[in-house]
Amino acid sequence: SEATKALATFVADLRGAAPVPEPEVYNATVDETIEVFLVEHLLGEKGREPRTIYDYRQLHAKWFSAEIGHRLVRDVDEPILDAAFGRMRAAGLSRSRMNQAKSLYRPFFRWATKRGLAVRNPMADFQLPTSTYVSSERTPPETDELCTLLAAAVEVVPDVAPLLVLGAATGMRRGELVGIRRSRIHPLQQRITVDAAVEGRRVKSTKTRKERSLFVDEETMAMLIRLGRHQNEAAALAELSLVDDPFLFTRE
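Residues numbered from 1 in each chain as written. Predicted model: local features only at pLDDT ≥ 70, side-chain atom pairs only at ≥ 80, totals over all residues. Heavy atoms only, no water.

1. Looking at the overall build of the protein chain
Stage number 1. A count of helical and extended segments in the protein chain gives 10 helices and 5 strands.
Stage number 2. Within the protein chain, buried positions represent 31% of all 252 residues.
Stage number 3. Of all intrachain contacts in the protein chain linking residues separated by at least 6 positions in sequence, the fraction that spans at least 24 positions is 62%.
Stage number 4. As presented, the protein chain carries roughly 16700 Å² of accessible surface, and 53% of it is formed by carbon and sulfur atoms. (Helix = DSSP H or I, 4+ residues; strand = E, 2+ residues; numbered from the N terminus. Buried < 20%, exposed > 50% of the residue type's maximum accessible area, 1.4 Å probe, protein only. Contact = heavy atoms within 4.5 Å. Areas by Shrake-Rupley, 256 points an atom, 1.4 Å probe, with all protein chains shown as cover.)

2. A short note on the side chain of Glu176
Stage number 1. By secondary structure assignment, the location of Glu176 is in helix α9 (residues 174-177).
Stage number 2. Apart from the residues lying within four places of it in its own chain, the contact partners of Glu176 are Val194, Ala196, Ala197, Thr206 and Arg212.

3. Here we look at unusual backbone geometry
For residues that are not glycine, phi is negative in most cases, and the peptide bond is trans in most cases.
Stage number 1. Its identity as a non-glycine residue notwithstanding, Gln190 has a phi of 50°, on the positive side.
Stage number 2. Structurally, Gln190 can be placed in the loop between β1 (185-186) and β2 (191-194).
Stage number 3. You will see that Glu239, though not glycine, has its phi angle at about 55°, which is positive.
Stage number 4. Relative to the helices and strands, Glu239 resides in the segment after α10 (218-237).

4. Details of the pattern of salt bridges
Stage number 1. Evaluation of the coordinates by the stated rule reveals 11 salt bridges.
Stage number 2. Between Arg51 and Asp55 there is a salt bridge, and its shortest N-O distance comes to 3.4 Å. Taken together, the residues Arg51 and Asp55, both in helix α3 (residues 50-63) and 4 residues apart, mark about one turn of the helix.
Stage number 3. Given a relative accessible area of 24%, Asp55 falls into the partly exposed group. (Salt bridge = Lys/Arg side-chain N within 4 Å of Asp/Glu carboxyl O.)

Rendered as structure tokens:
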């Protein structure tokens, strides 16, 4: 048939064709290349959060750089990576921590292979070692213990106590607590809108990237209103003007 003839011609062409040349492999160390991968690829192209880039960089520096950082990317093979992950296991790191490293190096070597920095991806068939980590259960304080802690906070760190009270009442994350602006407080509804978080000096979206509402009791809402009034009085005393929508918790 015509299809059979076409297939025969295709096979004949393949047999007579010149062999496909091996990809050119460039000389670059892992330390040099990992930084390019983090900044240009993950941060620039993939839009990963700066905090994620920072965590990956710290992970590489602490657990991998000493062993593989000086090596050429093309020279890193499975036994070398097995040994590096084995040190993490021997140190008692959790599986989630080792999985974070796997989430860094598997795409890193895939990316490096596509760019001619390695012939193959040594992480392609990699299996995590069994972790020796034993989690220690954290027991939250009982109500009376929490009241004692908050009462002590009022005495020792009065400026921080309202933030701790709101955290205890709502379970909000630390970055979300310091990211609340006054416009997100709704006294009549006894509701707080959570739509931002603070990381360092940068305001970003919440961890889930979704807005949500939290309802609080009358005493907690009254505390937040008093806090805003106190800030207004402090600003007036210092002859300063607050921004249009200030943060609820601030030292400025």
